[in-house]
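Analysis of the macromolecular model
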Amino acid sequence: MTSLNFNFGGTDTRVFIQDELPSLSDILPIMGRDKRYHVICDENTKPYADEIGASVPICLSGSGEKEKNWDSIKKILKAACAAELGRDDIFIGIGGGVVSDICAFAASIYMRGARLALVSTTLLGMADAALGGKTGIDLFGIKNLAGTFYPARAVWMPLSTLKTLPPSQFKSGLAEIIKSVILDETIDENTAFEELSKGNAAVRLEKIVLAAVKLKGRIVEADPRETGTERAKLNLGHTFGHALEAAAGLGKITHGEAVAWGIVRACELGLALGITPPERAHAITHLLQNLGYETGAPHPALLSGGSGQPLARKFLNALNSDKKRIAGSLRFIIPAQKGAVIVPVSAEKMPLVQEIALGSLTEFLRI
Ligand SMILES: NC(=O)c1ccc[n+]([C@@H]2O[C@H](COP(=O)([O-])OP(=O)(O)OC[C@H]3O[C@@H](n4cnc5c(N)ncnc54)[C@H](O)[C@@H]3O)[C@@H](O)[C@H]2O)c1
């Protein structure tokens, strides 16, 4: 077991990377032994909630992105109210990024903030979503439109739970790991790429999760509310990726698939702007291609259902409404000589961005 301590904007977060699922007798002493608790899971992580020892877990209606809505929040708050939980009591979320985002959001608003523990059961959750305090639900078709900053007091990452994860979800998490390797200037990228290119079986899970957790922890500690630029770098691949997810329909392709595709677009933009060295852009694209991610433009999900014209427009609208816009310019995170840099792209350069993201579909945008 590896244990790490972080402080995110005044809240101490303990992280446990271990093989086994923790039990309530591991969780409660750390969260407050005399406190009451309730456990939140989804349909696929219910067996883990049962195994942990939760008597009646609050189970979301289904699973996946579609659950990130007000109904899920109301269900959790109603159950907390029925169980007469107080502000000092504990919300324990068991699942991937969807459960952690929802459970953390509900905990953050319940009586102005209940105690929060997360048990992360997806690679994406471990590499990214469970750590750092961003919570949220999707509203009006917009991802994470409503949310708060509310770090968990403790996060468990039981690697054995990844054995039941569907391969497509493992691949989704691997994209966030690759993002983390690209951003991390302290590791040898070529060696890491070589190890990652061997695929699931050969990847040393504890090592890659630990590296991603350390990087995210370091960045969030320095900028817990994303007011500076460092934390924004964690959005590498996300500006293009979120627009793709929104255009394809939330939940239609996995988050990691969208991020991987977005990373390749960021490399192409970086190449065009003279920021990403060609050999680095090639190495990143090659790795993602080898691991079976979609790297071409337009993404096939934008072609489904006819000519692609409506989805190309939807993509562009989503890209233009990105929350990370500053003074009229969109901000892109672009791999540089090392790590990545933030580059504002003004309206005049948008045709270049469109070409890189939409390829042949750009002709529709001129009509
Ligand atoms: N808050 C943040 O900082 C942050 C960062 C990155 C991503 N996110 C969010 O995370 C979400 C994606 O997270 P995700 O990829 O973990 O998706 P997810 O939570 O939907 O999990 C993917 C699927 O795997 C199932 N599952 C989870 N653990 C399992 C296990 N061990 N065995 C079998 N099935 C299991 C789930 O039920 C679901 O069907 C997105 O909504 C994204 O916005 C948040």
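Just so it is clear, the model here is predicted, and its values are computed rather than measured. (Residues numbered from 1 in each chain as written. Predicted model: local features only at pLDDT ≥ 70, side-chain atom pairs only at ≥ 80, totals over all residues.)

What follows concerns the overall build of the protein. Per the secondary structure count, the protein includes 14 helices and 11 strands. By the compact-globule yardstick of 21 Å for 367 residues, the protein fits well, its C-alpha radius of gyration being 20 Å. Expressed along its principal axes, the backbone C-alpha trace of the protein runs to roughly 60 × 40 × 35 Å. By residue count, 47% of the 367 residues in the protein fall in the buried class. (Helix = DSSP H or I, 4+ residues; strand = E, 2+ residues; numbered from the N terminus. Rg over C-alpha atoms; globule rule 2.2 N^0.38 Å. Buried ≥ 20, exposed ≤ 12 C-beta atoms within 10 Å, placed from the backbone.)

Let's shift gears to the pairing of strand β9 (residues 154–158). Each regular strand shows side chains that alternate between the opposite faces of the sheet. With respect to burial, β9 is a largely interior element, five of its five residues being buried. Of the two faces of β9, the one holding A154, W156 and P158 and the one holding V155 and M157 are both buried throughout. Here strand β2 (residues 11–18) runs beside β9; their pairing, made up of five bridges, is parallel. Note on β9: the bridge partner recorded for Q18 is P158. Pairing of strand β6 (residues 115–120) with β9, which is carried by three bridges, proceeds in the parallel orientation. Bridge pairing in β9 places V119 opposite W156. (Pairing = 2+ DSSP bridges.)

Among the nonpolar cores identified, the biggest contains 110 residues, and I92, C103 and F315 are the most heavily contacted of them. Per-element tally for this core: the top contributor is helix α10 (residues 255–272), with nine residues. In terms of domain composition, this core takes at least three residues from each of domain 1 (2–165) and domain 2 (179–365). When neighbours within four sequence positions are excluded, I92 is seen to be in contact with I27, Y37, V39, I40, A117 and V119. (Core = buried A, V, L, I, M, F, W, Y, C linked by C-beta atoms within 7 Å. Domains from an automatic or database assignment. Contact = placed C-beta atoms within 7 Å.)

Next up on the list: the domain arrangement of the protein. The domain boundaries assigned to the protein delineate domain 1 (2–165) and domain 2 (179–365). With centres defined by C-alpha atoms, the gap from domain 1 to domain 2 works out at 27 Å. The interface of domain 1 with domain 2 comprises 25 residues on the first partner and 20 residues on the second. Sorting the residues of the side of domain 1 that touches domain 2 by element identifies β1 (2–8), β2 and α5 (123–129) as the ones contributing at least two each. Among the elements that make up the side of domain 1 that touches domain 2, the one with the highest residue count is β1 (five residues). For the side of domain 1 that touches domain 2, the per-class residue count stands at 13 nonpolar, seven polar and five charged. (Nonpolar A, V, L, I, M, F, W, Y, C, P; charged D, E, K, R; others polar.)

To continue, consider the site of the ligand. Close to the ligand lie 28 residues, the nearest being N44, S63, G96, G97 and T122. Tallied by class, residues from the shell around the ligand come to five nonpolar, 17 polar and six charged. (Near = placed C-beta within 6 Å.)

Once that is clear, we can look at the pairing of strand β5 (residues 90–95). Here β5 lies mainly inside the structure; six of its six residues are buried. Two elements, strand β3 (residues 37–41) and β5, share four bridges in a ladder whose sense is parallel. In the strand pairing of β5, I40 is matched with G93. In the sheet, β5 pairs with β6 via six bridges, with the strands oriented parallel. Paired with F91 across the strands is L116, a residue of β6. A crossover connection joins β5 to the parallel β6 through helix α4 (residues 97–109); in handedness this β-α-β unit is right-handed. (Right-handed = clockwise from strand over helix to strand, strands pointing away.)

Bringing the environment of R87 into the picture now. With respect to the helices, strands and loops of the structure, R87 is situated in the loop between α3 (70–82) and β5. By C-beta crowding, R87 is classed as exposed, having 10 other C-beta atoms within 10 Å. Here the alpha-carbon distance between R87 and L311, two residues 224 residues apart in the chain, equals 44 Å. Not counting the four nearest positions on each side in its chain, R87 is found in contact with M111, R112, G113 and A114.

This part takes up the sheet that holds β3. Strand order in this open sheet of seven strands is β1-β2-β9-β6-β5-β3-β4, and the pairing throughout is mixed. Taken across any chain shown, the strands that pair with only one partner, and hence form the sheet edges, are β1 and β4 (58–59). Of the strand pairs in this sheet, β3 and β4 are connected by two bridges, and their pairing is parallel. Bridging across to β4, I40 finds its partner in I58. Lying over the sheet, helix α1 (residues 24–31) contacts β2, β5, β6 and β9, oriented at roughly 145° with respect to β6. (Axes fitted to C-alpha atoms, helices over the stretch in contact; angles between N-to-C directions.)

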